[in-house]
Amino acid sequence: METIIEEHGKVAIITLKGRLETTESADVQEKITTLYEKDLERVVIECKDLEYIASSGLRILFLLLKHMKPKGADVVIRNANTLLKEVFDSTGFTPLFLFE
């Protein structure tokens, strides 16, 4: 699992590559929490190379949304494959996020 975070002004792009399983969740969570205190307008989660997400990974994305949305920041899921979209749909998370 690889997590890359880039910041471009008030936009952060989190690129997730591989399989976000429970064993990788703590590391990913630690990296993403660095964004909680930033003054961002948009956080993009690039999922083009994300093959799978476990419930612990969904929790990380939900916590990100919980911290950023009250500040007025949009949280966007970009390039989710069919399997990832099905996971978001089945858990009821789809309406919470913006999808591109």
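Preceding block: the structure.
Residues numbered from 1 in each chain as written. Predicted model: local features only at pLDDT ≥ 70, side-chain atom pairs only at ≥ 80, totals over all residues. Heavy atoms only, no water.

Peer 1: Can you help me understand the overall build of the protein chain in this one?
Peer 2: From N to C terminus, the protein chain includes three helices and six strands. For the protein chain, the α and β elements follow one another from N to C terminus as β-β-α-β-β-α-β-α-β. For 100 residues, the compact-globule estimate of 2.2 N^0.38 gives 13 Å, and the protein chain sits close to it at 12 Å. C-alpha extents for the protein chain along the principal axes are approximately 30 × 25 × 20 Å. Counting only residues that meet the buried cut, the protein chain has 42% of its 100 residues in that class. Sequence-distant contacts, at least 24 apart, represent 70% of the contacts inside the protein chain between residues at least 6 apart. Carbon and sulfur atoms provide 51% of the accessible area of the protein chain, an area that totals close to 5400 Å². (Helix = DSSP H or I, 4+ residues; strand = E, 2+ residues; numbered from the N terminus. Rg over C-alpha atoms; globule rule 2.2 N^0.38 Å. Buried < 20%, exposed > 50% of the residue type's maximum accessible area, 1.4 Å probe, protein only. Contact = heavy atoms within 4.5 Å. Areas by Shrake-Rupley, 256 points an atom, 1.4 Å probe, with all protein chains shown as cover.)

Peer 1: Please clarify how the nonpolar core should be interpreted in this entry.
Peer 2: Nonpolar side chains tend to gather and get buried jointly when the protein is soluble and globular. In this structure, Ile14, Ile45, Ile53, Leu64, Ile77 and Phe97 are the most contacted members of the largest nonpolar core, which totals 30 residues. Among the secondary structure elements, those contributing two or more residues to this core are β2 (11–20), α1 (22–32), β3 (42–46), β4 (50–53), α2 (55–68), β5 (74–78) and α3 (82–91). Broken down by element, the residue count for this core peaks at seven residues, all from α2. In this structure Ile77 touches Ile45, Cys47, Leu61, Phe88, Phe97, Leu98, Phe99 and Glu100, once residues within four positions along its chain are discounted. (Core = buried A, V, L, I, M, F, W, Y, C linked by side-chain atoms within 4.5 Å.)

Peer 1: Honestly, the side chain of Glu46 in this entry has me stumped. Any pointers?
Peer 2: Structurally, the position occupied by Glu46 is in strand β3. Aside from chain neighbours lying at most four places away, what touches Glu46 is Ile13, Ile14, Thr15, Leu16, Arg78 and Asn79.

Peer 1: Explain α1 here, please?
Peer 2: For an α-helix, 3.6 residues make a turn, and residues three or four places apart therefore share a direction. Along α1, the residues that are buried comprise Ser25, Val28, Gln29 and Ile32. Seen end-on, α1 carries its buried residues on one side only, within an arc spanning 105 degrees. In α1, the exposed residues that point more than 90 degrees away from the buried face are Thr23, Ala26 and Glu30. Buried positions along α1 lie against β1 (2–8), β2 and α2. (Arc of directions from axis to C-beta.)

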